[in-house]
Amino acid sequence: MAKTVDLAEKLQKNEDIPFKERMNIVYRLSLPGILAQIAEIIMQYIDAAMVGVLGAAASASIGLVASATWLFGGIISGAVAGFSVQIAQAIGAGDHERSGKLYKQSIIACLFVAAITGGIGMLLALVLPKWLGAEQSLWHDATMYFMLFSMFMPVRCMQSLGIAALQCVGNMKVPSVLTATMCGLDVIFNFFLIFPTRMISFGGISMMMPGAGLGVAGAQLGTSLSFVVCMILLHTYIQMKEKRLSVFHSRGRWIPEAHIVKEAVRIGLPMALEHSATSGAQVISTKIVAPLGTVAIAANSFAVTAESICYMPGFGISSAATTMVGQAIGAKRKDLARSFAWLTTFSGMVIMGLTGTIMFFACPYVFAFLTPDPEVQQLGASVLRIELLAEPLFAASIVAGGALRGAKDTLVPGIINLVSMWGIRLTLAMVLVKHIGLYGVWVAMASELSVRGILFLIRLKKEKWLEKAI
């Protein structure tokens, strides 16, 4: 595992960082983030597999409210980013008093946002399945799943804030270890909460295994409890080991200051709105696919699942890009901010291009693992291969977006994402689906991701983000 990287110390000394060392910093900061993202995907696979044992209806109940969880999660991500980017820039400037104050105030502000969001979610859970037009048999499980998700929203928010803050000081190792720990805890909690008390056999020995038998609700409760444990461990580590963030070493007040909140809103609001609109577009995309029939729906769903392992490394590198660019901006090192933005973006393009190439040849085997239906296997592999051609440019949009975020440039990237998703992907999909079915949806997706990647590269090249930041 990569060691903690104290880039801030080098920046404060105004040291020249050779190209080879810059690449080493990119690698050491990115690798733990990539592993953390992969661990999260594994956790999603674990939940899906364990709930899948209960039958199709149980899986459908979770899938029904998935887009709503993405929507509410996006709001939390925006709130966290609004403060974490400011923390990264304070660390880069060597202003540890300010970084501690920012972290202190971010706890109160983010908890407030999470409490409001979670409360709205709990109320919405009572009517959401019906609003989505689901069969009545799915209402109870879907309601309980989203209710529990919303109830633990403050815990999820504090987990995200702690991870983001540690990444901003260059510590990617602890968040990665805790994310992996969450996967293990998720399996354990799910094992006892989802299934009822039953007899199990192992190595020829039978024994009574206790269980709560909560079904779908148990899956969400197990995941939420894993968040609780790791959130406590995360913040305990921060207070004991990270003086630049510890509330005990900061003389700043707890009540968020108006100018800090204003800056957080300027950074985070475009991200939150972008996530909301993107989640809405995903719902529309599902509606476009739905009339194509069961095989198309299943192939589309499995293709999305299979493709996720390809782009997760991009999000890990994106987090590292935010840290590196944010610290360089805080230290007023324009040269390093530019260099780290391009190094991380190209690294992401190479890595996601590689994962896309591997998946291009491996996807028939992946689909054979995911489903026994040969028709779904063939269609899913065919449409996924269309999108995999756009993987390098998809990486450009993900990682460049993270780099721009480190410079507090979130409005224009948000607009690019919205216009690209709604103006290109959905419009093109609605036209092409009438002529070539599911293939049209994925051609539209590949086209949109390519255009979006090119637009982000242009944004990075013009450097308006850099001129405003320094």
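Residues numbered from 1 in each chain as written. Predicted model: local features only at pLDDT ≥ 70, side-chain atom pairs only at ≥ 80, totals over all residues. Heavy atoms only, no water.

### So, the packing of aromatic side chains
This structure, assessed with the given rule, holds seven aromatic pairs. Summarising the aromatic geometry, the rings of F146 and F149 are spaced 5.8 Å apart at their centres and angled 20° between planes, so their arrangement reads as stacked. Of this pair, F146 and F149 are both found in helix α6 (residues 139-151), three residues apart, which corresponds to roughly one turn of the helix. A relative accessible area of 7% means that F149 is categorised as buried. With a centroid separation of 5.9 Å and an interplanar angle of 75°, the aromatic rings of Y311 and F315 are classed as edge-to-face. With Y311 and F315 both in helix α11 (residues 294-330) and four residues apart, this pair spans about one turn of that helix. One cation-aromatic arrangement involves R198 over F191; the distance from NZ or CZ to the ring centre is 4.6 Å. Here R385 stacks its cationic end above the ring of F360, 5.1 Å away from the centre of that ring. (Phe/Tyr/Trp six-rings, centres within 6.5 Å; stacked < 30°, edge-to-face > 60°. Helix = DSSP H or I, 4+ residues; strand = E, 2+ residues; numbered from the N terminus. Buried < 20%, exposed > 50% of the residue type's maximum accessible area, 1.4 Å probe, protein only. Lys NZ or Arg CZ within 6 Å of the ring centre and 35° of its normal.)

### Re the packing of α6 against helix α9 (residues 216-241)
With their axes 8 Å apart at the nearest point, α6 and α9 run at an angle of 10° to one another. Classified by the angle their axes make, α6 and α9 are roughly parallel. Here α6 contributes D141, M144, Y145, L148 and F149 to the contact with α9, which in turn contributes V216, A217, Q220, L221 and S224. Its residues assigned to classes, the contact of α6 with α9 shows seven nonpolar, two polar and one charged. (Axes fitted to C-alpha atoms, helices over the stretch in contact; angles between N-to-C directions. Parallel < 35°, antiparallel > 145°, perpendicular 65-115°, else oblique. Contact = heavy atoms within 4.5 Å. Nonpolar A, V, L, I, M, F, W, Y, C, P; charged D, E, K, R; others polar.)

### Observations concerning the state of the cysteines
Under the defined criterion, the tally for this structure stands at zero disulfides. Take C183: it sits in no disulfide, and the sulfur closest to it among the cysteines is that of C230, at 9.0 Å. Given the relative accessible area of 10%, C183 is considered buried. (Disulfide = S-S within 2.5 Å.)

### Topic: the environment of I120
Within the secondary structure, I120 sits in helix α4 (residues 96-125). Exposure remark for I120: the relative accessible area of 48% places this residue in the partly exposed category. Each C-alpha atom, one on I120 and one on M151, is 9.9 Å from the other, the two residues being 31 residues apart in sequence.

### Details of the confidence of the model for the protein
In this model, the protein carries an average pLDDT of 85, and 91% of its residues clear a pLDDT of 70 or more. Of all helices and strands in the protein, the one with the weakest mean pLDDT is helix α1 (residues 7-12) (67), whereas helix α16 (residues 438-462) scores best (95). (pLDDT = per-residue confidence, 0-100.)

### Digging into a nonpolar patch on the surface
Together, L123, L126, V127 and W131 give the surface a local cluster of nonpolar side chains, amounting to about 470 Å² of exposed area. With respect to the helices and strands, the residue L126 is situated in the loop between α4 and α5 (128-131). (Patch = residues over 30% accessible without salt bridge, like charges linked within 9 Å, V, L, I, M, F, W, Y side chains within 5 Å. Areas by Shrake-Rupley, 256 points an atom, 1.4 Å probe, with all protein chains shown as cover. Salt bridge = Lys/Arg side-chain N within 4 Å of Asp/Glu carboxyl O.)

### Considering the side chain of R198
Along the chain, the position of R198 falls in strand β1 (residues 196-202). Among the residues examined, R198 registers a relative accessible area of 18% and is labelled buried. Separated by 3.3 Å, the side chain of R198 and the backbone oxygen of F191 make a polar contact. Among the polar contacts listed, one links the side chain of R198 to the backbone oxygen of P196, at a separation of 3.1 Å. (Polar contact = N/O pair within 3.5 Å; in protein donor to acceptor, adjacent residues only side chain to side chain.)

### Some words on the pattern of salt bridges
Close approach of charged atoms allows side chains with opposite charge to pair. A full pass over the atoms with the stated rule returns nine salt bridges. Salt-bridge contacts for E263 lead to K408; the nearest nitrogen and oxygen are separated by 3.0 Å. With a gap of 145 residues between them, E263 in helix α10 (residues 258-289) and K408 in the loop between α14 (391-406) and α15 (411-436) connect regions that are remote in the sequence. Here K408 falls in the buried class, since its relative accessible area comes to 19%. In this structure, E463 and R338 form a salt bridge, with 2.6 Å as the shortest nitrogen-oxygen distance. With E463 in the loop between α16 and α17 (464-469) and R338 in helix α12 (residues 334-370), this pair connects stretches of sequence that are 125 residues apart.

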